[in-house]
Amino acid sequence: MYGPRILVKVPASTANLGPGFDTLGMALSLFEWIEMRAADETTITAYGKGMQDIPGDKSNLIYKVAQLVFEEAGVSVPELSISLYCDIPLTRGLGSSASAIIGALVAANALIGSPLSEDELFQIATKLEGHPDNVGASLFGGIVVSAWDGERADHVRIEPHPSLETLVVIPSFQLSTEKARHALPKTLNMADAVFNVGRSSLLVAALSAGRLDLISTAMRDRLHQPYRAPLIPGMSNILAHASEHGALGAALSGAGPTIITFVDGSSSESSKAELERFLLDTLAAEGIEAETMWLPPYKHGAVWTKLEEHDTTPLMDLIRNEVRA
Ligand code: HSE
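- Under the annotation held in an unreviewed UniProt entry, the protein chain carries the name Homoserine kinase and is attributed to Paenibacillus terricola.
- The protein chain has a UniProt comment under Pathway (unreviewed entry) that states "Amino-acid biosynthesis; L-threonine biosynthesis; L-threonine from L-aspartate: step 4/5."
- The annotation that UniProt attaches to the protein chain under Sequence similarities (unreviewed entry) is "Belongs to the GHMP kinase family. Homoserine kinase subfamily."

This is the structure in structure tokens:
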């Protein structure tokens, strides 16, 4: 092994926030770490729940994404030593693939002296994901509003309101984004389109202005959640009634199956506990096991550090105090 050793910490994300399908994203305090350096031979070591199944050779997503950066920069680094640890549950709607893509882009770019700008990394990531919402949040942190025309993605970052807390309920089953996108109709009627433009615009304005009182009405959606509801039994019930149990609003997180609720941080502990119970009981009534996690909005995007070349501390020792498990 030789050359610098780069360690990247990337946040998870929630996409859509209800009405902002493929447009709104928010970084969450749950992380993946990727360590990368040039090597004589490619090795990929993954730690964390479910990570034993990811490819350990050059077909690995992180390896392939890193090579895109080297190609774009016109340099050759064919062999890499990669270690990663992921606390983000896979295929649950918390942006694990976007975090992996962003982590790989940022690590590879840092490894070769950062020739690509953040914006260039965002463009590559958006093309790879097919939508900018999760990758934007993982790259820039906070709440990210973005629009992509298939060529270029533009974005504006919003600082999350200090009182905004988020509680997610994560069902034990996986749901692929592909399957959840397949459930969507090809066309929409005008009334539903207008409904969503209004809600999404109101939500962005409310989040920017700290109008937490508007969140419940602003998080409503007619564009994707109603069509995805049959894939997540209990979801419609949660979306319709979460605000009666202490939530400011609720939405399917990305393509699901995780459901995210927004909560006013100044609510009492008993009201927060009631909301957790409501989420778990509603899914349990459908025979679905789930776990809840309080995941505060995360203000920062992916950050990297360069370790001393002679520092051979294993990844898990470097991040021991930060991992969830
Ligand atoms: N906006 C995307 C969707 C996010 O809802 O399908 C999931 O990756």
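Now that the structure is up, let's keep going.
**Quick look at helix 10 (residues 269-284)**
- An ideal rise of 1.5 Å per residue puts 22 Å on 16 residues; helix 10 measures up with 22 Å between its terminal C-alpha atoms.
- Among all positions in helix 10, only Ser271, Lys272, Leu275, Phe278, Leu279, Leu280, Thr282 and Leu283 are buried.
- Elements that come into contact with the buried residues of helix 10 comprise strand 7 (164-171), helix 9 (235-241), strand 9 (259-264) and strand 10 (290-294).

**Some remarks on the domain arrangement of the protein chain**
- The assigned domain composition of the protein chain is domain 1 (5-158 + 300-318) and domain 2 (164-294).
- Put simply, the middle of domain 1 and the middle of domain 2, counted by C-alpha atoms, are 26 Å apart.
- If you look at the interface, domain 1 gives 23 residues, while domain 2 gives 37 residues.
- Each partner contributes to the roughly 2100 Å² buried at the junction of domain 1 and domain 2, and carbon and sulfur atoms together form 64% of this total.
- Here domain 1 is connected to domain 2 by 1 salt bridge.
- Counting every contact that joins domain 1 to domain 2 gives 12 residue pairs in polar contact (both at pLDDT 80 or more).
- Mapped onto the side of domain 1 that touches domain 2, the elements with two or more residues apiece are strand 1 (2-15), strand 2 (24-38) and strand 5 (143-148).
- Looking at which element gives the most residues to the side of domain 1 that touches domain 2, the answer is strand 2, with 4 residues.

**Remarks on the pairing of strand 4 (residues 80-86)**
- For strand 4, the buried fraction is high: 7 of the 7 residues fall into the buried class.
- Here strand 4 shows no split at all, with Leu80, Ile82, Leu84 and Cys86 on one side and Ser81, Ser83 and Tyr85 on the other all buried.
- Two elements, strand 2 and strand 4, share 7 bridges in a ladder whose sense is antiparallel. Paired with Ala38 across the bridge in strand 4 is Leu80.
- For the handedness criterion, the β-α-β arrangement of strand 3 (residues 43-47), helix 1 (residues 61-73) and strand 4 is classed as left-handed.

Calculation rules
- Residues numbered from 1 in each chain as written.
- Predicted model: local features only at pLDDT ≥ 70, side-chain atom pairs only at ≥ 80, totals over all residues.
- Heavy atoms only, no water.
- UniProt positions renumbered as here; feature names shortened; annotations may be inferred.
- Helix = DSSP H or I, 4+ residues; strand = E, 2+ residues; numbered from the N terminus.
- Expected span 1.5 Å × (residues − 1).
- Buried < 20%, exposed > 50% of the residue type's maximum accessible area, 1.4 Å probe, protein only.
- Contact = heavy atoms within 4.5 Å.
- Domains from an automatic or database assignment.
- Buried area = accessible area lost by both parts, 1.4 Å probe.
- Salt bridge = Lys/Arg side-chain N within 4 Å of Asp/Glu carboxyl O.
- Polar contact = N/O pair within 3.5 Å; in protein donor to acceptor, adjacent residues only side chain to side chain.
- Pairing = 2+ DSSP bridges.
- Right-handed = clockwise from strand over helix to strand, strands pointing away.

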